[in-house]
Amino acid sequence: MACVSKGLIVGGGIGGLASAIALQRIGVQCEVVEIDMKPVGAGIGFAGRAPQALEELGIYDEVYATGKPFTEDMKAPVMRDAAGRPLGPPPPVQAFPGSRPPVGVHRPVFADILLRAAQAAGAVVRNGLSVTAIEEGPDAARVTLTNGEVHDYDVVIGADGIGSKVRALVFPEAPEPEYTGQMSIRWLAPFPAIEGEDWYVAGDAGRVGLHNTPLYEHIYVPMVLNMPETWLSQEQAYAVVKDLLDQFTAPAIVELRARLTPQAELIARPFKSLLMQPRWYRGRVLLIGDAAHATTAHMGMGGGMALEDAVVLAQCLDRAETLEEGFGAFMARRFERVRTVVETSVTLSHLEQTKDRDGPRRAQLMQNGMATLSSPY
Ligand SMILES: Cc1cc2nc3c(=O)[nH]c(=O)nc-3n(C[C@H](O)[C@H](O)[C@H](O)COP(=O)(O)OP(=O)(O)OC[C@H]3O[C@@H](n4cnc5c(N)ncnc54)[C@H](O)[C@@H]3O)c2cc1C
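Structural notes, computed from the coordinates. Just so it is clear, the structure is predicted and the values come from calculations on it, not from any experiment. (Residues numbered from 1 in each chain as written. Predicted model: local features only at pLDDT ≥ 70, side-chain atom pairs only at ≥ 80, totals over all residues. Heavy atoms only, no water.)

## Details of the site of the ligand
Taken together, 31 residues lie near the ligand, and Gly-15, Glu-34, Gly-45, Arg-107 and Ser-130 sit nearest. Side-chain polar atom of Glu-34 to an oxygen atom of the ligand: 2.6 Å apart, as the coordinates give it. Separating an oxygen atom of the ligand from a backbone N or O atom of Gly-304 is a distance of 3.0 Å. Burial of the ligand by the surrounding chains reaches 84%, relative to a free accessible area of 1000 Å². Looking at the shell around the ligand, the elements that each hand over two or more residues are α1 (14-25), β2 (29-34), β3 (43-46), β12 (178-190), β17 (266-275) and α8 (302-319). Here the shell around the ligand takes four residues from α8, the largest share from any one element. Residue classes in the shell around the ligand are distributed as eleven nonpolar, 13 polar and seven charged. (Near = heavy atom within 4 Å. Polar contact = N/O pair within 3.5 Å; in protein donor to acceptor, adjacent residues only side chain to side chain. Areas by Shrake-Rupley, 256 points an atom, 1.4 Å probe, with all protein chains shown as cover. Helix = DSSP H or I, 4+ residues; strand = E, 2+ residues; numbered from the N terminus. Nonpolar A, V, L, I, M, F, W, Y, C, P; charged D, E, K, R; others polar.)

Here you go:
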């Protein structure tokens, strides 16, 4: 029996909806307020122990069936140069005993799976709402919503992403997210599939990944570029992608370039990072996911960390006598693991902006980070 019975979760993204599922299951009645729920994004991969967290949430099989399963024997992607020549052997595959095979899924499909599972578990999900004030009282946190409603909750979870309003309200001293110098641009390129699924790098210009997604009949193309700008219009994004793809002579990327038109929908997001030092809680309010720890996609683990936060939070609250004890146990289990992901990812991002980018250090950093994550969460 959990030490709290009524919770508010701010943010209906990965961490918010996953914690709604996990907390409902231990008997906490959850309300989720989400500022603007809409089907956005391209692909997301869940590796390491994230599949185990999906399983614990009871949604792994559905994600696997609607995503792009990676079989155990599938090779890890190789990094290739602009002409398509491998820059080294494929990275060694880290074992995660007890976890399920990694899976990649289209973000809007995943968001829908999470939403349905949270509602089926009994959570109330309210779209178009946020919070304007959170006041700590002796028996409850009193929360004012953007529609003027005021409610009391035993616990408030800030799962509202990197620009967290809850963080601004409750932790005004928290650091601001920092730009790492790299921009991510993702493109769902038109089918048919192109052979040569791997990563391709063109020196300082940037790198391009290629993942055929037959289930959705598109090619998921993540790109990473070094640039000072932190925002791009669609026209600017088209221009920089065109310039990037023009650097390659590898047949797969030449074919991809032929399919790029000014109408291509390109999703540009700056890689920013943030690591709140312990504690991520104050009174009855706890931050999870990107609200507490955001990073680049170099390890592909940010969403996985938000899922792990959700399941570990429910485990800790279920076992604790008091909220303080539950939050303390959560913090003790989460900080070092998350720090590894944030710091390794940022180091990889900075390394990619130097001449050393293709040396052995990249593989070593990745291997060390993954080895840390192989232990249970
Ligand atoms: C280019 C890129 C690729 C990535 N690829 C991967 C990958 O392959 N694998 C992986 O595991 N991770 C990946 N990540 C990281 C992953 O996307 C994030 O770590 C993850 O989405 C964090 O989940 P979250 O729930 O904490 O935040 P979010 O997913 O950002 O969700 C926050 C939610 O809160 C809502 N919200 C915001 N403000 C408010 C407010 N004031 N009130 C109410 N609601 C609010 C938002 O609308 C949103 O729905 C990638 C990130 C990037 C940038």
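More follows now that the structure is in view.
## Thoughts on the sheet that holds strand β9 (residues 141-145)
Sheet strands pair via backbone hydrogen bonds, and the direction of the pair is either parallel or antiparallel. With respect to topology, three strands assemble into an open sheet ordered β8-β9-β10, the strand pairing being antiparallel. Of all strands in the sheet, those bounded by a partner on one side alone are β8 (131-136) and β10 (150-153). Within this sheet the neighbouring strands show an average axis-to-axis angle of 25°, counted without direction. Two strands pair when backbone bridges link them, and β8 and β9 are joined in this way by five bridges, in the antiparallel orientation. Paired with Glu-135 across the two strands is Arg-142, which belongs to β9. (Pairing = 2+ DSSP bridges. Axes fitted to C-alpha atoms, helices over the stretch in contact; angles between N-to-C directions.)

## A closer look at empty space enclosed by the protein
Throughout the structure, instances matching the rule amount to two cavities of 30 Å³ or more. Gln-182, Val-201, Gly-203, Gly-206, Arg-207, Val-224, Asn-226, Glu-352, Arg-357 and Arg-362 are the residues that line the largest cavity. Those elements that place two or more of their residues in the lining of the largest cavity are β14 (206-209) and β16 (218-226). If you add up the space inside the second largest cavity, you get close to 30 Å³. Together, Asp-290, His-293, Thr-295, Gly-302, Met-305, Val-341 and Val-342 line the second largest cavity. Secondary structure elements with two or more residues in the lining of the second largest cavity: α8 and α9 (323-352). (1 Å grid on protein atoms, 1.4 Å probe; cavity = no way out; pocket = protein on both sides within 12 Å on 5 of 7 lines; lining within 4 Å. Points joined across faces, edges and corners; volume = space filled by probe spheres on them.)

Purely geometric numbers; function is a separate question.
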